[in-house]
Amino acid sequence: MAIHIFDSQIFQSSWCSRELRALFDEKTRVQGWLKVMAVLAEIEGKYNLIPVDAANEINQTCSKLAIDQSILEEARIGFEETNHSLLGLIRAVQRRCPGKSGEWLCYGVSVQDITDTHLIRTLKSLRKTLMSEIEDTRTCLSKIVLAHKHTLMSGRTHGQPGLPITFGFKAAGWLDEFQRHDQRLCEIAVRMDVGQLCGGVGSMSALGKNAAQIQADFCRHLGLRVPAISWTSSRDRLAEWSNLLAMIAATCDRIGHEIYNLQRPEIGEISEGFSVGTIGSITMPQKRNPEISEHLGTLSRIVRHSANHMMENLVHDHERDGRSWKSEWIVIPEVCICTGKALSMLNGLLKNLNIHQEKMLMNLQSNGGFVSAEAIMLRLAQKVGKQTAHQLVYDLCSDAQEREITLRTAIAENSEIQQHLTQEDIQDCFDLRAKIGHCISMSENVAKSNSGKP
């Protein structure tokens, strides 16, 4: 029976990709732990901390051991008997080591030395996957920006039409945000890719006189940097990672939420690509729901909640605290898997996005010309001052909306405005394409900066 939705045979595809799920599944985790144990034995043997023959035999056993159901079952039973996170697995591996070599498994180290080091290696691998997904997203968004940098639409604030913009300008805002996420993923590597080999309380007391060299070789063999000090009770790296993923997922959600709203039939400016056979409702056969956009919000909420949970884990008792550490075993996979799935879904959404340019222009022109009110006010301000002009146009718009007439009609009836503005002035104010400010140049700048990807 599937306890977690990630494990559901029916619904799994909407919550996680096979590739990301595989990074955190049981076999991969145990295989990763064995890899760390193998390297540990090799390095400890090199410095004669454990017998060289035992080190070689442990290394060979851990490197070649198949993760089958029998070893997982032994590890489960061992855990239930001892209530220790790793001892059941250690004993299962020990039974498979030649002679007494297994006696030297995990010599002088803690569970977290093994599990934290494996986790960091996993997140390092995941980071490459996320950066690849973001690169695809940036490429797709850049094409949209350049293709629609001239496409007029209504810029909205507080859900209401404000001023004309272009769709390329809107998409450029999304692209710019992903560029920063890419930078953040590059920058976080300096703090993230750090191994852990410090022993019970972090003092490396059991690693002997060559502790520093053992730690350095261990980390280097696993492609990680050496920590300045144990981070067993300092989980800020993982909190930063979780919050970065929450930001990335939130950007996916922001784009999805925008598409969700703009797909409403009464707006109809954007819509998800439709696949024949997709069902929106079992009772309303006409429905074409923005399923992807909506699900981006679901995934993002899980990531944000889990990132907040990870912040709770920053508070540890003394040199180690099982309460904070063990909850990471749930939190970190959820953050990673849901963010990866959100990025993948967003890529598919953007590549198949339907952009309805005619509806964008129609909506922009359909509100009685009130999107030109700012232009009228600014032109009038040159004659009577900004505050006076604002009050005059405010009163004019309020009256026109009450009477349900257009702004142009209201202006034609207003003698004070007619006194200060020529017909040419007024006509220029209603030229929507001339009132998009620097939307085109800003969009081009963002797309250009995207071509020089870090």
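Structural notes, computed from the coordinates. (Residues numbered from 1 in each chain as written. Predicted model: local features only at pLDDT ≥ 70, side-chain atom pairs only at ≥ 80, totals over all residues. Heavy atoms only, no water.)

Comments concerning the environment of isoleucine 270
Considering the arrangement of structural elements, one finds isoleucine 270 in strand S3 (residues 270-271). Separated by 267 residues in the primary sequence, isoleucine 270 and isoleucine 3 have C-alpha atoms spaced 37 Å apart. Setting aside residues up to four positions removed in sequence, isoleucine 270 forms contacts with Phe167, Ile259, Leu262, Gln263, Leu353, Asn354, His356 and Met360. (Helix = DSSP H or I, 4+ residues; strand = E, 2+ residues; numbered from the N terminus. Contact = heavy atoms within 4.5 Å.)

Some details on helix H12 (residues 357-365)
By the burial criterion, the buried members of H12 are Met360, Asn363 and Leu364. An end-on view of H12 places all buried positions within 100 degrees of arc, on one side of the element. Away from its buried face, by an angle of more than 90 degrees, H12 presents the exposed residues Glu358 and Gln365. Buried positions along H12 lie against strand S1 (152-157), strand S2 (160-166), helix H7 (167-192), S3 and strand S4 (354-355). (Buried < 20%, exposed > 50% of the residue type's maximum accessible area, 1.4 Å probe, protein only. Arc of directions from axis to C-beta.)

What to know about the packing of helix H2 (residues 26-46) against helix H8 (residues 211-221)
Running from N to C, H2 and H8 cross one another at 140 degrees; their axes reach a closest spacing of 9 Å. Judged on the interaxial angle alone, H8 and H2 are oblique. As H2 packs across H8, the resulting crossing turns out to be right-handed. Contact with H2, carried on its side by Val36, Val39, Leu40, Glu42, Ile43 and Lys46, involves Ile214, Asp217, Phe218 and His221 of H8 and no other residues of that element. Among the residues forming the contact of H2 with H8, the class breakdown is 6 nonpolar, 1 polar and 3 charged. (Axes fitted to C-alpha atoms, helices over the stretch in contact; angles between N-to-C directions. Parallel < 35°, antiparallel > 145°, perpendicular 65-115°, else oblique. Left-handed = near helix turned anticlockwise from the far one by under 90°. Nonpolar A, V, L, I, M, F, W, Y, C, P; charged D, E, K, R; others polar.)

Details of the packing of aromatic side chains
Taken as a whole and assessed by the stated rule, the structure comprises 4 aromatic pairs. A ring pair is formed by tryptophan 33 and tryptophan 329, whose centres lie 6.0 Å apart and whose planes are at 55 degrees; its orientation type is tilted. In this pair, tryptophan 33 sits in helix H2 while tryptophan 329 sits in helix H11 (residues 322-351), placing the two residues 296 residues apart along the sequence. A residue is classified by how much of its surface remains accessible, and tryptophan 33, at 6% relative accessible area, is buried. (Phe/Tyr/Trp six-rings, centres within 6.5 Å; stacked < 30°, edge-to-face > 60°.)

Re helix H18 (residues 439-451)
For H18, with 13 residues, the first-to-last C-alpha span of 19 Å sits near the 18 Å given by 1.5 Å per residue. Along H18, the positions that sit buried rather than exposed are Cys439, Ser443, Val446, Ala447 and Asn450. Buried positions in H18, seen along its axis, are confined to an arc of 95 degrees and lie on one side of it. Among the exposed residues of H18, those pointing more than 90 degrees away from its buried face are Asn445, Lys448 and Ser451. Where H18 is buried, its residues touch helix H6 (111-147), S2 and H7. (Expected span 1.5 Å × (residues − 1).)

Comments concerning the environment of alanine 211
Counting through the fold element by element, alanine 211 comes out in helix H8. Looking at alanine 211, the relative accessible area reads 7%, which means it is buried. Separated by 14 residues in sequence, alanine 211 and leucine 197 place their C-alpha atoms 9.2 Å apart.

Quick look at the nonpolar core
Leu123, Leu126, Phe178 and Trp241 are the most contacted members of the largest nonpolar core, which totals 71 residues. Contacts of phenylalanine 178, omitting those with residues within four sequence positions, involve Ile134, Thr137, Arg138, Leu141, Ile248, Thr251, Cys252, Ile255, Leu343 and Leu346. Cys62, Cys97, Leu105 and Ile214 belong to the second largest nonpolar core, which has 39 residues in total. (Core = buried A, V, L, I, M, F, W, Y, C linked by side-chain atoms within 4.5 Å.)

Overview of the pairing of S2
Regular strands place side chains that alternate from one sheet face to the opposite one. Bridge analysis of S1 against S2 gives 6 bridges, and the strand direction is antiparallel. What sits directly across from threonine 157, in S2, is glutamine 160. Here S1 folds back onto S2, and the loop between the two strands holds 2 residues, one of which, histidine 158, carries a positive phi near 55 degrees. (Pairing = 2+ DSSP bridges.)

A short note on unusual backbone geometry
Even without a glycine there, the phi angle at asparagine 48 is positive, about 60 degrees. Of note, asparagine 48 is situated in the loop between H2 and helix H3 (52-64). We classify asparagine 48 as exposed; its relative accessible area is 60%. The backbone phi angle of histidine 158 is positive, close to 55 degrees, even though this residue is not glycine. Take histidine 158: it is sitting in the loop between S1 and S2. Judged by relative accessible area, which is 81%, histidine 158 ranks as exposed.

A look at the pattern of salt bridges
Applying the stated criterion across every chain, the model contains 26 salt bridges. For glutamate 73, the salt bridge goes to arginine 76, with nearest N and O atoms at 2.4 Å. Placement of the pair is glutamate 73 and arginine 76 together in helix H4 (residues 69-82), with a separation of 3 residues, close to one helical turn. Across the salt bridge formed by glutamate 177 and arginine 254, the nearest N and O atoms sit 2.9 Å from each other. Within this pair, whereas glutamate 177 is found in helix H7, its partner arginine 254 is found in helix H9 (residues 236-262), the two being separated by 77 residues in sequence. Look at glutamate 177 and you get buried, because its relative accessible area is 18%. (Salt bridge = Lys/Arg side-chain N within 4 Å of Asp/Glu carboxyl O.)

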